[in-house]
Amino acid sequence: MSTPRILIVDDDADFLRAISAVLSSAGFETITAVDPRGAQPILSRPDPGIDLLIVDLVLKGEISGFDLISIVTRKTPPYKILTASAVYPSATLEYISSRMGADTFIEKPRPGEPLDAEKWIRTVQRLVGREPAAAGPETRSASESDCSDRLALGRRLGRAVS
């Protein structure tokens with residue numbers, strides 16, 4: 001089974017580093033871009049090998065997250081898309097995401113709020129069709145071993161990471 005590849009597009013560098021670290025620690029390969037222009041070289045390949053696209057809807061610059069989703073939903077086969085935002089409340093984010101053709105949505109933490117790492121990991125696992133690995137001698141439990149790693153990451157980034 002190959003490692004699922006996730007392209008994350010977000011203009012918040014701290015969040016981008018934090019979510020990339022969280023998903024990488026859960027066994028996903030992450031590729032990051034701070035704007036849609038940075039993602040375009042990857043997405044324009046005939047087979048970019050991306051299993052999931054995570055897009056912040058509110059991006060600075062000429063191309064918004066809305067624009068990027070509009071572009072990629074026309075591709076064949078379509079990408080699985082997870083929209084994210086710290087601006088829109090859940091009900092609005094759910095409505096926008098469904099209307100745009102995204103698979104689901106998730107609220108990003110607002111500044112000073114903790115990142116719900118387990119919620120992000122579960123959501124991504126569900127979207128890529130990958131169940132969490134059973135805890136065993138070779139597998140660290142995210143709820144135990146990774147907590148100190150995530151807390152240390154949060155301290156380094158100046159954000160709370162749960």
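The structure we're discussing is the one just above.
Here's what I pulled together on the structure shown here. (Residues numbered from 1 in each chain as written. Predicted model: local features only at pLDDT ≥ 70, side-chain atom pairs only at ≥ 80, totals over all residues. Heavy atoms only, no water.)

Description of the environment of alanine 33
- By the element assignment, alanine 33 lies in strand S2 (residues 29–33).
- The spatial distance from the C-alpha of alanine 33 to the C-alpha of valine 9 is 4.9 Å, given a sequence separation of 24 residues. (Helix = DSSP H or I, 4+ residues; strand = E, 2+ residues; numbered from the N terminus.)

Some remarks on helix H4 (residues 90–100)
- Of the residues making up H4, those classed as buried are Leu93, Ile96, Ser97 and Met100. Taken down its axis, H4 places every buried residue within 100° of arc, on the same side. In H4, the exposed positions angled more than 90 degrees off the buried face are occupied by Ala91, Tyr95, Ser98 and Arg99.
- Positive phi appears at glycine 101, one or two residues downstream of H4, with a value of about 95°. (Buried < 20%, exposed > 50% of the residue type's maximum accessible area, 1.4 Å probe, protein only. Arc of directions from axis to C-beta.)

Regarding the sheet that holds strand S5 (residues 104–107)
- Read across the open sheet, the five strands follow the order S2-S1-S3-S4-S5; overall the sheet is parallel. In the strand order of this sheet, the two ends are held by S2 and S5, each with one partner. Ignoring strand direction, the axes of neighbouring strands in this sheet form an average angle of 20°.
- Pairing between strand S1 (residues 5–9) and strand S3 (residues 52–56): four bridges, direction parallel. Following the sheet pairing, valine 9 is matched in S3 by valine 55. (Pairing = 2+ DSSP bridges. Axes fitted to C-alpha atoms, helices over the stretch in contact; angles between N-to-C directions.)

Things to note about the nonpolar core
- In this structure, Ile6, Leu23, Leu52, Ile54, Leu82, Trp120 and Val124 are the most contacted members of the largest nonpolar core, which totals 22 residues.
- In this structure, leucine 82 is in contact with Leu52, Leu53, Ile54, Val55, Thr104, Phe105, Ile106, Trp120, Thr123, Val124 and Leu127, ignoring residues within four places of it in sequence. (Core = buried A, V, L, I, M, F, W, Y, C linked by side-chain atoms within 4.5 Å. Contact = heavy atoms within 4.5 Å.)

Nothing here speaks to function; it is all geometry.
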